[in-house]
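# Examination of the molecular architecture
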Amino acid sequence: NAGVTQTPKFQVLKTGQSMTLQCAQDMNHEYMSWYRQDPGMGLRLIHYSVGAGITDQGEVPNGYNVSRSTTEDFPLRLLSAAPSQTSVYFCASSRGRGSSPLHFGNGTRLTVT
Amino acid sequence: DQQVKQNSPSLSVQEGRISILNCDYTNSMFDYFLWYKKYPAEGPTFLISISSIKDKNEDGRFTVFLNKSAKHLSLHIVPSQPGDSAVYFCAAKGNNDMRFGAGTRLTVKP
């Protein structure tokens, strides 16, 4: 059971570079989301999607773009990386209804210098 | 604005004793509350949840209590085991998103 798969595990970028964090799930979940984890801040929601073709902003969306062309994939794009985006990024998915819990990937640790 | 707060960054208990982790929230529209456990270098994993219409939910050694009037929930672990040592996140589910607290690092000493 793969669950939620995130790639890469680690990434170092220079300020101004762009990159895409990949996320794929094989559970046929409708709902997918991206969080960032920073010390003392917990997990903050960046963007989420309730189904293919539908995305919306979370608490901290600035500097990030997302798209959802298939049920399985939900990539997160950084168009021009900034040091403030140094963080650990988690992708998660769920059935989306009621108390359905989120299933998380193992994270991508991003450093922007 | 932080809608879900865990005011204790860390907690240390002796093996076999009770661990109590606390969480407060501000948004009365949340309809489900969940607890997640996180080990280093892994993603959070779901532990237990409670609906806003209930005040208690139990699953083995884990019990979650909800006090809606105080906008407060707590997670009780009895008895605590060294393998429970992890960071615990409280989460609250609203319309289409889930908001998390900052986490509490639990250390269970043998």
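Residues numbered from 1 in each chain as written. Chains lettered and ligands numbered in written order. Predicted model: local features only at pLDDT ≥ 70, side-chain atom pairs only at ≥ 80, totals over all residues. Heavy atoms only, no water.

Here we take up the nonpolar core. If you look at the biggest cluster of nonpolar residues, it comprises 23 residues, and the most contacted ones within it are F33, W35, L73, L75 and Y88 of chain B. By residue number, the principal contributor to this core is strand β9 (residues 86–93) of chain B, which donates four residues. For L75 of chain B, the residues in contact, after removing those within four places along its chain, are S19, I20, L21, W35, L47, I48, F62, T63 and Y88 of chain B. Membership of the second largest hydrophobic core comes to 18 residues, among which are M19, W34, A81 and Y89 of chain A. (Core = buried A, V, L, I, M, F, W, Y, C linked by side-chain atoms within 4.5 Å. Buried < 20%, exposed > 50% of the residue type's maximum accessible area, 1.4 Å probe, protein only. Helix = DSSP H or I, 4+ residues; strand = E, 2+ residues; numbered from the N terminus. Contact = heavy atoms within 4.5 Å.)

This part is about the layout of surface pockets. Counted as a void, the largest pocket has a volume near 590 Å³. Together, 27 residues line the largest pocket, and Q37, V88 and R109 of chain A together with K38 and A41 of chain B are the ones closest to its centre. Secondary-structure elements contributing two or more residues to the lining of the largest pocket are β4 (31–38), β9 (87–94) and β11 (108–112) of chain A together with β9 and β11 (104–109) of chain B. The element that contributes the greatest number of residues to the lining of the largest pocket is β9 of chain B, accounting for three residues. Here the lining of the largest pocket is composed, by residue class, of 13 nonpolar, eight polar and six charged. (1 Å grid on protein atoms, 1.4 Å probe; cavity = no way out; pocket = protein on both sides within 12 Å on 5 of 7 lines; lining within 4 Å. Points joined across faces, edges and corners; volume = space filled by probe spheres on them. Nonpolar A, V, L, I, M, F, W, Y, C, P; charged D, E, K, R; others polar.)

Turning our attention to the sheet that holds strand β1 (residues 4–7) of chain A. Residues and elements named next belong to chain A. Spatial strand order, β1-β3-β8-β7: four strands in an open sheet with antiparallel pairing. On the outer flanks of this sheet lie β1 and β7 (64–66), each paired with one strand and no other. The average undirected angle you get between the axes of adjacent strands in this sheet is 20 degrees. Sheet topology places β7 next to strand β8 (residues 76–78); three bridges connect them, and they run antiparallel. Considered in β8, the bridge of Y64 is made with L78. (Pairing = 2+ DSSP bridges. Axes fitted to C-alpha atoms, helices over the stretch in contact; angles between N-to-C directions.)

Moving on, we get to the state of the cysteines. All names here are of chain A. Inspection of the entire model under this criterion finds two disulfides over all chains. What pairs with C23 in a disulfide is C91, and their sulfur atoms sit 1.9 Å apart. For the disulfide bridge between C23 and C91, the dihedral angle about the S-S bond is near -70 degrees, and by the sign convention the bridge is left-handed. Taken together, the residues C23 in strand β3 (residues 19–25) and C91 in strand β9 connect sequence positions 68 residues apart. Comparing C23 with C91 shows no difference in burial state: the two are buried. (Disulfide = S-S within 2.5 Å.)

A separate point is the interface of chain B and chain A. In this complex, chain B contributes 20 residues to the contact, which on the side of chain A involves 22 residues. Approximately 1,600 Å² of surface area, both sides summed, lies buried where chain B meets chain A, with 59% of it carried by carbon and sulfur atoms. For the salt bridge of R99 of chain B with E59 of chain A, the shortest nitrogen-to-oxygen distance reads 3.6 Å. At the junction of chain B and chain A, the tally comes to three residue pairs in polar contact (both at pLDDT 80 or more). Taken together, the elements giving at least two residues each to the side of chain B that touches chain A come down to β4 (32–38), β5 (45–51), β9 and β10 (98–100) of chain B. If one sorts the elements of the side of chain B that touches chain A by residue count, β4 of chain B sits on top with four residues. (Buried area = accessible area lost by both parts, 1.4 Å probe. Salt bridge = Lys/Arg side-chain N within 4 Å of Asp/Glu carboxyl O. Polar contact = N/O pair within 3.5 Å; in protein donor to acceptor, adjacent residues only side chain to side chain.)

Just distances and angles here, no functional claims.
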